[in-house]
Amino acid sequence: ASEINVCIKYDPAGYADPSLARLFHYENNNWIDVTTSNDMVNYVVCGKTSSLSPFAVFKRIDPIALLSELAIRIRGYGLQSGITTSLTSKLQNAVNALRAAKTNSSTSACNMIDAFINEVTAQSDKALTLNQASELIPSARTVQSMVGCR
């Protein structure tokens, strides 16, 4: 499949910092960052993809902040202590790995996020409700996309 260049003009007034504008493409039930450039003079963000489906311009989110938000959400669920600790420790390990990986591979963080998703899947409709699991897994997959997990 050949790649398609897509460019979308955006309103800089919608962003406190327009340099954070990113082009996302909806693929396989996930928003994927496909950004290749952000023209800060003309306010046009471009990206490459191999298919046409919905596109959106979103603000880039810090993956560490998103993982921390997931941990806060889990603590608010009122789960058994052991389940809460098991899930949040995987997220904290992923945060630690991302901080350590600034210029190195994020493979360790990707593995931790995979372990988190696997545990959420295993606990879905058990310790976690189906709704809780359906909130957590897409957010974790978003982080995987952000840090380049394969």
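Cut-off values and rules
Residues numbered from 1 in each chain as written. Predicted model: local features only at pLDDT ≥ 70, side-chain atom pairs only at ≥ 80, totals over all residues. Heavy atoms only, no water. Phe/Tyr/Trp six-rings, centres within 6.5 Å; stacked < 30°, edge-to-face > 60°. Helix = DSSP H or I, 4+ residues; strand = E, 2+ residues; numbered from the N terminus. Disulfide = S-S within 2.5 Å. Buried < 20%, exposed > 50% of the residue type's maximum accessible area, 1.4 Å probe, protein only. Pairing = 2+ DSSP bridges. Axes fitted to C-alpha atoms, helices over the stretch in contact; angles between N-to-C directions.

Enquirer: Is there a simple way to think about the packing of aromatic side chains in this case?
Expert: The description of an aromatic ring pair uses the distance of the two centres, along with the angle that the planes make with each other. Here the structure, examined in full by the defined rule, presents three aromatic pairs. Considering the side-chain rings of Tyr-10 and Tyr-15, the 5.4 Å spacing of their centres and the 80 degrees angle between planes classify their relative orientation as edge-to-face. Consider the rings of Phe-24 and Phe-58, whose centres lie 5.4 Å apart with planes at 55 degrees: the pair is tilted. Taken together, the residues Phe-24 in strand β2 (residues 21-27) and Phe-58 in strand β6 (residues 55-59) connect sequence positions 34 residues apart. The rings of Tyr-10, Tyr-15 and Tyr-43 are connected pair by pair, giving a single aromatic cluster.

Enquirer: Honestly, the state of the cysteines in this entry has me stumped. Any pointers?
Expert: Within the structure shown, the criterion is met by two disulfides. With its sulfur 2.0 Å from that of its partner, Cys-7 forms a disulfide with Cys-46. Across the S-S bond linking Cys-7 and Cys-46, the dihedral sits near 110 degrees, which makes this disulfide right-handed. Here Cys-7, found in strand β1 (residues 4-9), pairs with Cys-46, found in strand β5 (residues 44-49); they are 39 residues apart in sequence, far enough to count as distant. Between the sulfur atoms of Cys-110 and its disulfide partner Cys-149 the distance amounts to 2.0 Å. One quick way to see it: the torsion about the S-S bond of Cys-110 and Cys-149 is about -90 degrees, and its sign makes the bridge left-handed. Note that Cys-110 is positioned in helix α3 (residues 107-123) and Cys-149 in the segment after α4 (130-147), a separation of 39 residues in sequence. Each member of the pair Cys-110 and Cys-149 is classed as buried. Here the bonded cysteines of the protein chain are numbered in sequence order, and their pairing is 1-2, 3-4.

Enquirer: Just to check I follow, could you spell out the sheet that holds strand β4 (residues 35-39) for this structure?
Expert: One key point about sheets: their strands pair by backbone hydrogen bonds, in either a parallel or an antiparallel sense. Spatially, three strands are ordered β1-β5-β4 in an open sheet, and the strand pairing comes out antiparallel. The strands lining the two open edges of the sheet, one partner per strand, are β1 and β4. On average, each strand axis in the sheet is tilted by 20 degrees relative to the strand beside it, whichever way the strands run. As defined by bridge partners, β4 adjoins β5 across four bridges and the pair is classed as antiparallel. Residue pairing in the sheet places Ser-37 in a bridge with Cys-46 of β5.

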